[in-house]
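Below are the chains, spelled out letter by letter.
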Amino acid sequence: MFAASLGATYLEIGFIVGIFSASTLLSSFIFGRVADLHHLRSVLLFGFGIAAASFFLQVFARDPASLMLARALAGFSVGIYPGALIAYVHYRKQSLGRFISLGSLGWMVGFFAAGLIGENMNRLFLLSSFFYLICFLLAFRLRDIEKPQVNLSYFSLDTLLKNAGSYFALFLRHTGAVGVWTIFPLYLLQLGATDFWIGLIYAVNPAVQFLVMRRLDGLGNERLIHIGYPLSAVGFVSFILAPSYLYIIPGMIIIACSWSFLYVGSTRLVVERNPDKATSAGLINSMIGAAGVVGALLGGFFSQVFGFRATMFAAVFFCLAGFLLFKVLERQSA
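These numbers were taken from a predicted model, which means no experiment stands behind them.

Let's shift gears to the overall build of the protein chain. Counting its secondary structure elements, the protein chain contains 14 helices and zero strands. Order of helices (α) and strands (β) in the protein chain, N terminus to C terminus: α-α-α-α-α-α-α-α-α-α-α-α-α-α. Against the 2.2 N^0.38 benchmark of 20 Å for 334 residues, the protein chain shows a C-alpha radius of gyration of 19 Å, consistent with a compact globule. Considered along the principal axes of its C-alpha atoms, the protein chain spans approximately 55 × 45 × 30 Å. With 334 residues in all, the protein chain has 54% of them scored as buried. Of the contacts made within the protein chain by residues no fewer than 6 positions apart, 85% connect residues no fewer than 24 positions apart. The protein chain carries 22 positive and 13 negative side-chain charges, and their two centres are separated by 7 Å.

Shown next, in the form of structure tokens:
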């Protein structure tokens, strides 16, 4: 919506969303490896510090081009710390599902704050920078931990290829999802939603994720993944059929459950299978970033040429394709 207010077309919005994800993809791959080879605490401090600065710089965006540059910097910063953070939790022998759920709680609070603040984007950018500054200061309180020494090269693709079923299936599903999220606020406006309702509807997704992710410890990773893909397709079908914005809410609950299953199941699966914990977790974030690039461009293109609902039909296709790919590649690697 902010990009549209600066004069961006749907296709340009796709590029703006895509550049954020492209830079996240790059930094996730680089710093996941760095975290496995060096101190986790140092990577966390660096990541949060860079994020605090880059999110503040978004205040100076005045047109689609400057917004694209600002989002590129912000995207790079948010790819630095996730792999290190997940590895830190794993080495502390804490529940990854419960930890990941706290990220969803943060998304919920952020979306709700965005709905309350409305169109004053400078306040939102300043608030996000402030939260990252708090993260940076809190990271000083983390103690550095001992982790196994692993013999790795900086640019090896072995982990990616060895877990291709988990990574590329998630990439397909998230490509479809990002295509929807790229234009979703505009779709909600078309259905009659106000800024407040858009923020509230967005907050439903992470709120449900927070509740669901905390209760997944007893369920097998493959089982969660097998449920998550078709359930995602059901959620996007419900968006297509919604006659008004209030009917979007049940679909958001379904999507939240499906993503909880997929994200927790996929993350636990690759972290438990591989010795390079930060790299394997960081590659999940890289797949999300790669999907963000392709999905944003597809979302902008489909919406521009065929309309919003065509974008959601495409998301259903990508969810089912991801499900089939996971089953085929997992069977080959077994």
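On we go from here.
Summarising the element assignment, alanine 314 is placed in helix 14 (residues 308-333). Among the residues examined, alanine 314 registers a relative accessible area of 15% and is labelled buried. Spatially, the C-alpha atoms of alanine 314 and alanine 233 are 9.9 Å apart, while their sequence positions differ by 81 residues.

Looking now at the nonpolar core. Formed by 76 residues in total, the largest nonpolar core has its most connected members in Phe184, Leu188, Phe236, Phe239 and Ile248. Looking at this core, the element that brings in the most residues is helix 12 (residues 248-273), giving 13 residues. Excluding residues within four positions of it along the chain, phenylalanine 184 makes contact with Tyr202, Phe239, Ile248, Met252 and Met312. Residues Phe20, Phe31, Ala35 and Ala74 belong to the second largest nonpolar core, which totals 24 residues.

Below, the discussion takes up the confidence of the model for the protein chain. Chain-level statistics for the protein chain give a pLDDT mean of 87 and a share of 96% at 70 or above. The spread of mean pLDDT over the elements of the protein chain runs between helix 8 (residues 158-162), the lowest at 81, and helix 11 (residues 221-241), the highest at 94.

This paragraph deals with the packing of helix 3 (residues 40-57) against helix 4 (residues 64-78). Packing of helix 3 against helix 4 brings their axes to within 8 Å, and their N-to-C directions diverge by 165°. Our classification of the angle between helix 3 and helix 4 gives roughly antiparallel. Like other packed secondary-structure pairs, helix 3 and helix 4 cross with a definite hand, here left-handed. Contact with helix 3, carried on its side by Gly47, Ile50, Ala51, Ser54, Phe55 and Leu57, involves Ala70, Leu73, Ala74, Ser77 and Val78 of helix 4 and no other residues of that element.

Here we take up the side chain of arginine 33. Within the secondary structure layout, arginine 33 lies in helix 2 (residues 10-37). Here threonine 279 takes part through its side chain, which lies 3.3 Å from a polar atom of the side chain of arginine 33.

Take the packing of aromatic side chains next. With the rule as written, the count across this model stands at 27 aromatic pairs. Relative to phenylalanine 140, the ring of phenylalanine 136 lies with its centre 5.1 Å away and its plane at 80°, an arrangement referred to as edge-to-face. When its relative accessible area of 24% is taken as the criterion, phenylalanine 136 is described as partly exposed. Ring centres of phenylalanine 301 and phenylalanine 306 lie 6.2 Å apart, and the angle between their planes is 80°; this geometry places the pair in the edge-to-face category. A relative accessible area of 39% means that phenylalanine 301 is categorised as partly exposed. Through a chain of ring-to-ring contacts, three or more aromatic side chains come together here, namely Trp181, Phe184, Tyr187, Tyr202, Phe236, Phe239 and Phe308.

Another point: unusual backbone geometry. Phi angles above zero are rare outside glycine, and lysine 93 is one such case at about 60°. Within the fold, lysine 93 resides in the loop between helix 5 (82-91) and helix 6 (96-117).

Before going further, it helps to examine the pattern of salt bridges. This model, assessed by the stated rule, comprises five salt bridges. As a salt-bridge pair, arginine 33 and aspartate 276 come within 2.9 Å of each other at their nearest N and O atoms. Of this pair, arginine 33 sits in helix 2 while aspartate 276 sits in the loop between helix 12 and helix 13 (277-305), and the two are 243 residues apart along the sequence. Arginine 33 gets classed as buried once you look at its relative accessible area, which sits at 2%. For aspartate 276, a relative accessible area of 2% corresponds to the buried category.

Criteria and thresholds
- Residues numbered from 1 in each chain as written.
- Predicted model: local features only at pLDDT ≥ 70, side-chain atom pairs only at ≥ 80, totals over all residues.
- Heavy atoms only, no water.
- Helix = DSSP H or I, 4+ residues; strand = E, 2+ residues; numbered from the N terminus.
- Rg over C-alpha atoms; globule rule 2.2 N^0.38 Å.
- Buried < 20%, exposed > 50% of the residue type's maximum accessible area, 1.4 Å probe, protein only.
- Contact = heavy atoms within 4.5 Å.
- Lys, Arg positive; Asp, Glu negative; His and termini not counted.
- Charge placed at Lys NZ, Arg CZ, Asp CG, Glu CD.
- Core = buried A, V, L, I, M, F, W, Y, C linked by side-chain atoms within 4.5 Å.
- pLDDT = per-residue confidence, 0-100.
- Axes fitted to C-alpha atoms, helices over the stretch in contact; angles between N-to-C directions.
- Parallel < 35°, antiparallel > 145°, perpendicular 65-115°, else oblique.
- Left-handed = near helix turned anticlockwise from the far one by under 90°.
- Polar contact = N/O pair within 3.5 Å; in protein donor to acceptor, adjacent residues only side chain to side chain.
- Phe/Tyr/Trp six-rings, centres within 6.5 Å; stacked < 30°, edge-to-face > 60°.
- Salt bridge = Lys/Arg side-chain N within 4 Å of Asp/Glu carboxyl O.

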